[in-house]
There are 2 protein chains.
Amino acid sequence: MTETPYTIRQMCEEFEVTARALRFYEAKELLFPERQGTKRLYSKRDRARLKLILRGKRFGFSLEEIRQLLDLYTMGDQGATQLTMTRTLALKHLDEMKSQRDELNQAIAELEQEIEWGTKKLERLGERETAA
Amino acid sequence: MTETPYTIRQMCEEFEVTARALRFYEAKELLFPERQGTKRLYSKRDRARLKLILRGKRFGFSLEEIRQLLDLYTMGDQGATQLTMTRTLALKHLDEMKSQRDELNQAIAELEQEIEWGTKKLERLGERETAA
DNA sequence: CGTCAGATTTACGTTAACGTCATCTTTGGT
DNA sequence: ACCAAAGATGACGTTAACGTAAATCTGACG
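In this report, we go over the structure that sits alongside the text. These numbers were taken from a predicted model, which means no experiment stands behind them. (Residues numbered from 1 in each chain as written. Chains lettered and ligands numbered in written order. Predicted model: local features only at pLDDT ≥ 70, side-chain atom pairs only at ≥ 80, totals over all residues. Heavy atoms only, no water.)

## Structural notes on the interface of chain A and chain B
- Each partner contributes residues to the interface: chain A has 37 residues there, and chain B has 37 residues.
- When the two sides are added together, the surface that chain A and chain B hide from each other amounts to roughly 3,800 Å², 69% of it contributed by carbon and sulfur.
- When residues of chain A are sorted by the area they lose upon contact with chain B, Leu104, Leu111 and Ile115 of chain A head the list and together hold 15% of the total.
- At the boundary of chain A with chain B, the tally comes to six salt bridges.
- Between Glu110 of chain A and Arg55 of chain B there is a salt bridge; the shortest N-O distance is 3.1 Å. (Contact = heavy atoms within 4.5 Å. Buried area = accessible area lost by both parts, 1.4 Å probe. Salt bridge = Lys/Arg side-chain N within 4 Å of Asp/Glu carboxyl O.)

## Here's the deal with the protein's contact with DNA strand D
- Around DNA strand D, the surrounding shell holds 18 residues, and the nearest of these are Thr18, Tyr25 and Lys57 of chain A together with Arg9 and Arg40 of chain B.
- Sugar and phosphate atoms represent 72% of those atoms of DNA strand D found within 4 Å of the protein.
- Between DNA strand D and Arg9 of chain B, the relevant distance is 2.8 Å, taken from a phosphate oxygen to a side-chain nitrogen or oxygen of the residue.
- For the surface near DNA strand D, the elements supplying multiple residues, two or more each, are α2 (19-27) of chain A together with α1 (8-15), α2 (19-27) and β2 (39-41) of chain B.
- By residue class, the composition of the surface near DNA strand D is five nonpolar, five polar and eight charged. (Near = heavy atom within 4 Å. Polar contact = N/O pair within 3.5 Å; in protein donor to acceptor, adjacent residues only side chain to side chain. Helix = DSSP H or I, 4+ residues; strand = E, 2+ residues; numbered from the N terminus. Nonpolar A, V, L, I, M, F, W, Y, C, P; charged D, E, K, R; others polar.)

See the structure below:
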C-alpha cells in the first residue's frame, strides 16, 4: 500500500465539506487532485492541505491568504529568493497569529469575568426566591 | 464633564472605520447612538460596544453573533430567565473561544517549525554560496 | 444493452458586510 | 443671508465563498 487515494465523496464525509467546496478550492488552486479519467482522486497530500485550509478558515484567513501559506508547507526545492520570500510571508502571518492569540486570551478573560458576574447575580436571585 | 459624546467623524478616526460601517452597525442594531436633531451622537457606552464589535470581527464572529454577545455586556436588570439564557449563550461562546485558542496555539507551533526548517535550509544554501 | 446512481461542467443565485454614488438637509462661520 | 463642509438617507454595486439547478457523462450491474 504505497498510496490511498480518496474519492470526492470520501473527502466530503471525512472533512464535512461539500463537493462544491472541494471543486471550488481546486479552482482557486488550493488543491490539485489527480484525475482518473474525469474523476478526482485525492492523495494524502491533498488531505493534509485540506486540513490546513479548514484550519486557516477557522482563524479568519481568506482562501487567498491560505493559498499563500500552503505554499510554505510545499517548500520543495525552490530557489533561495523564492524561499526567502515565502519565509518572510510566513513570519508575517506568524506575527498576526500571535497577536490574535494574545487578544483572544484577553477576550476570554474578560468574558469569564462577565460570566462570573452574571453567575453571582443569579445566585443572589436564587437566595431571594429561596428565602420567600 | 458628565459625558463626552462623539460625532460620527471622531468615531471613524478613533476606531478607523467608515461612517458607512457605523450606520450599518446601527441598522443591524449593534449600536444605538442618540440623536441631536438628525445627527448621531456616540456615548461612552457606544464606544465600548464598538470596541467589542471590532474585536469580535477579528475573531471571525458574524455581526449577528456579536450582537448577541453584546447583550451580555448590557446585562442590566433583566429577569432571571433572560439572564440565564444570556449566560448559557456566553458559556457556549467562551468554549468556542477556548478551543479556538488551543487550535491557534497548535497552528503557531507548527508554523514555527516550518519556518525554522526553511531558515536552516537557507543557512545551508548560504554556506554553499560562501564556499564557492 | 439499458439504466441508474454518482461525477463533472456550466452558469446563475445567495448572503454578509460593507463601498460608492447621488441627492437632500443641516449648520457653523463670514 | 449665504456658502461650503459635514451629516443623513436611499439605492445600487461589489467581493468572497460557496449553494443550487440543469445538462451531460460515465461506469458498474442485471
